[in-house]
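Close look at the chain arrangement
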Amino acid sequence: MKRILLCTTLLAFWAAPVLTQTMQELIDGKNTENVLTHSMGLDRKSYSPLKQINKANIKKLVPIWNASMMNDQGELAQPTVYNGIMYAINGKWTFAIDVETGRQIWRTPTEIESGITRAAFNRGGATIYNGKVFRVTIDNHVLAIDMKTGKQLWNQKFADSKDGFYATGGPIVANGVLISGVAGGESTTRGFLDGWDPDTGKKLWRTYTIPAPGEPGSETWPKNSDAWKYGGGPTWRSGSYDPELDLVYWGTGNAEPYDPRPREGLDSLFTNSVLALRPKTGEVVCYYQYTPNDVYDVDATDEQLLADIRVGGQPRKVMIQANKNGFLYVLDRTNCKLIAAHPVTRVNWATHIDMATGRPVLTDIYKRFAAGEEVEILPSRGTNAVPIAFNPNTGLVYASTWDIPRIQKLAPPKPQVFGAQSTGVDARQPDTKPSDVFGHFAAINPLTGEKKWDVPLTDLPSSAGMLVTGGGLVFTGRLTGEFIALDEDTGKTLWQFKTGSSVNSTAITYTHRGRQYVTVASGLGGILATRYAAAKVPTGGSIWTFALMQE
């Protein structure tokens, strides 16, 4: 069992407020002083009604403090806030910070098992509940830290790194259960979700994303084969939760290997799917598979955004996902049935999604690839693992999309070994020049696919999430380090501030003593962001907090 070592920088006479977040607080999210969950709520809308900062005064937005995150491996996680204290995590540290001054209250280093060479970073955010900060570590531990002191309360190891597993996504709390996922979809692994007692760390259940022989869905894997054991389906992002339906929605990742031959070209459930689960038991109630028989590495792990909208004049409970395969989906979250699907970027591997079957209609790309030809696939990813935002007042989705192809062909076959990299393909990126369009910021009608505006990004794509506010602003960022505010109606950049490194995370907004704040993490990290920006942007993690200039 590894240890979390408490740093000796606790403030000597800090009088802490009451640190108990009830499940009802997490569900309501009405207290604008607090940001208790990822994406501003368990529905993952990344929306705030706050409008003290708005289009009329955005040019008066100024930084009021900056805090070092003591890290150069990437800041991809958003912070959370409770009772004037901010909780921020990265691969190396957990911090408690005073939101008014940026002063550190405590910091706790993460001790990683020896021999771990993978870069340690975290997506999602610091999960807080009932006086504890919950997080995962790169070497497959989930742990609880006391919000008042930074001391470790419990620590559970749930997988072994030598078997190809690692963990980067923030857990969530649903109906009193802590739920965490696992990464490793290129490492010949079998994905799963775990449910934990948040008070004791006792494991309550495990649900695998790939069925064993005889279980529902096993017919989509080859008979008399152990391909299912190596099949992928990682759960490396975070889920959403509908308390009325008592359902957690969690996306699963790519099938392994990308070479379809070991999987006999079958659908490979439940890879590239959304699973709707009961949080108390892990029981799967329904599912939808976005990309059957994935050979394109188009994970479906991005968050499922929950909204109540009108469809055909009738109110519907839906979930919306901008999928890495290039399509934006709207599903009925009561039964996981398809409502709409439209491309958000250039797509060449499918012509459209068949509304009768829910399946993509393939182009000749698949047959050419399966026959051994080197093919160019668009997109290499529709979005790079960052949250979209939804304004319930406009009904629009705000997304950062990618418009970059990937070139791949089948690799010589080799045995599948637990923990070994085995995609089954040789892949490369095409040559590019700075004037190329690498992606877009876009405002999209999720039911029709119509774009209200579309801002092309040249030189580099964006790996930042979106935050939309009642002030008519969309906050996001660029790999070159600019934190920006867009006009919600036009996409025009109204304000920007240059941070010291890339903005790869999602901003939050909240109030403190009547003043609206906006906070974002800066720090280049993540495989693709680093691939594209490492030569142009320095590393170095920090947290930036902004407010309107006071007279």
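Residues numbered from 1 in each chain as written. Predicted model: local features only at pLDDT ≥ 70, side-chain atom pairs only at ≥ 80, totals over all residues. Heavy atoms only, no water.

Okay, the overall build of the chain next. A count of helices and strands for the chain gives three helices and 40 strands. Computed over C-alpha atoms, the radius of gyration of the chain comes to 22 Å, within 12% of the 24 Å expected from 2.2 N^0.38 for 551 residues, which places it in the range of a compact globule. Along the first, second and third principal axes, the C-alpha set of the chain runs to 65 × 50 × 50 Å. A burial count over the chain gives 63% of its 551 residues as buried. Residue pairs at least 24 apart in sequence account for 61% of intrachain contacts in the chain once pairs closer than 6 positions are excluded. (Helix = DSSP H or I, 4+ residues; strand = E, 2+ residues; numbered from the N terminus. Rg over C-alpha atoms; globule rule 2.2 N^0.38 Å. Buried < 20%, exposed > 50% of the residue type's maximum accessible area, 1.4 Å probe, protein only. Contact = heavy atoms within 4.5 Å.)

Along the chain, aspartate 297 turns up in the loop between β20 (284-289) and β21 (305-311). With relative accessibility at 8%, the residue aspartate 297 sits in the buried group. A polar contact is formed between the side chain of aspartate 297 and the side chain of tyrosine 258, at a distance of 3.3 Å. In this view, aspartate 297 contacts Glu186, Asn254, Tyr258, Lys324, Ser380, Arg381 and Arg406; residues no more than four positions away in its chain are not counted. (Polar contact = N/O pair within 3.5 Å; in protein donor to acceptor, adjacent residues only side chain to side chain.)

Each regular strand carries side chains that alternate between the two faces of the sheet. Within strand β11 (residues 141-146), five of the six residues are buried, leaving the element largely enclosed by the surrounding structure. Two strands pair when backbone bridges link them, and strand β10 (residues 132-137) and β11 are joined in this way by six bridges, in the antiparallel orientation. Note that in β11 the partner of valine 133 across the bridge is isoleucine 145. Once β10 ends, the chain turns through three residues before running back antiparallel as β11, passing asparagine 140 with a positive phi of about 70°. Bridge analysis of β11 against strand β12 (residues 152-157) gives five bridges, and the strand direction is antiparallel. Note on β12: the bridge partner recorded for isoleucine 145 is glutamine 152. (Pairing = 2+ DSSP bridges.)

Here we have four strands laid out as an open sheet, ordered β4-β5-β6-β7, and antiparallel in their pairing. Of all the strands in the sheet, just β4 (80-82) and β7 (104-109) have a single pairing partner and so form its edges. Averaged over all pairs of adjacent strands, the angle between strand axes in this sheet comes to 15°, irrespective of strand direction. (Axes fitted to C-alpha atoms, helices over the stretch in contact; angles between N-to-C directions.)

Another point: the environment of phenylalanine 270. Along the chain, phenylalanine 270 falls in the loop between β18 (247-251) and β19 (273-277). Take phenylalanine 270: its relative accessible area is 13%, and that puts it in the buried class. Considering only alpha carbons, one finds phenylalanine 270 and threonine 252, 18 residues apart in sequence, at a separation of 7.3 Å. Excluding anything up to four places from it in sequence, phenylalanine 270 contacts Thr209, Ile210, Pro211, Pro216, Gly217, Thr252, Leu275 and Tyr287.

Turning our attention to the confidence of the model for the chain. Of the residues in the chain, 96% have a pLDDT of 70 or more, and the chain-wide mean is 94. Low pLDDT, under 50, characterises residues 1-18; the predicted model gives this stretch 44 contacts beyond four residues in sequence or across chains. (pLDDT = per-residue confidence, 0-100.)

Another point: the packing of aromatic side chains. By the definition in use, this model includes 25 aromatic pairs. Between the aromatic rings of phenylalanine 475 and phenylalanine 483, the centroid separation amounts to 5.6 Å while the plane-to-plane angle is 25°, which identifies the pairing as stacked. Of the residues examined, phenylalanine 475 reaches a relative accessible area of 1% and is grouped as buried. Each ring, one from tryptophan 544 and one from phenylalanine 546, has its centre 6.4 Å from the other, and the planes form 20°; the classification is stacked. When sorted by exposure, tryptophan 544 lands in the same class as phenylalanine 546, which is buried. By way of ring pairs, the aromatic residues Tyr288, Tyr290, Tyr296, Phe327, Tyr329 and Trp349 are connected into one cluster. Taking NZ or CZ as reference, arginine 515 lies 5.9 Å from the ring centre of tyrosine 517, over its face. (Phe/Tyr/Trp six-rings, centres within 6.5 Å; stacked < 30°, edge-to-face > 60°. Lys NZ or Arg CZ within 6 Å of the ring centre and 35° of its normal.)

Here we come to the state of the cysteines. What the rule picks out here adds up to one disulfide. Covalent S-S linkage joins cysteine 286 and cysteine 336, the inter-sulfur distance amounting to 2.1 Å. Note on the cysteine 286 and cysteine 336 pair: the S-S dihedral is about 60°, so by sign convention the disulfide is right-handed. Taken together, the residues span a long stretch of sequence, with cysteine 286 in strand β20 and cysteine 336 in the loop between β23 (327-332) and β24 (337-343) at a distance of 50 residues. Cysteine 336 shares its class with cysteine 286; the two are buried. (Disulfide = S-S within 2.5 Å.)

Looking now at the pattern of salt bridges. Within the structure shown, the criterion is met by 29 salt bridges. Arginine 237 is the salt-bridge partner of aspartate 302, the closest N and O atoms lying 2.4 Å from each other. Here aspartate 302 is found in the loop between β20 and β21, whereas its partner arginine 237 is found in the loop between β16 (203-208) and β17 (240-242), with 65 residues between them in sequence. Arginine 333 serves as the salt-bridge partner of aspartate 242, at 2.7 Å between the closest nitrogen and oxygen. Of this pair, aspartate 242 sits in strand β17 while arginine 333 is found in the loop between β23 and β24, placing the two residues 91 residues apart along the sequence. Each of the two residues, aspartate 242 as well as arginine 333, counts as buried. Each of Asp242, Glu244, Asp308, Lys317 and Arg333 takes part in salt bridges that share partners, so that together they form one network. (Salt bridge = Lys/Arg side-chain N within 4 Å of Asp/Glu carboxyl O.)

Attention now goes to unusual backbone geometry. In this structure, the amide linkage connecting glutamate 256 to the following residue, proline 257, adopts the cis form with an omega of -5°. Mapped onto the fold, proline 257 is located in the loop between β18 and β19. A cis geometry characterises the amide bond from leucine 269 onward to phenylalanine 270, with omega recorded as 0°. Phi is positive for arginine 44, which is not a glycine, with a value near 65°. The residue arginine 44 is located in the loop between α1 (23-28) and β1 (47-48) in this model. Phi angles above zero are rare outside glycine, and aspartate 246 is one such case at about 50°. When you line up the elements, aspartate 246 lands in the loop between β17 and β18.

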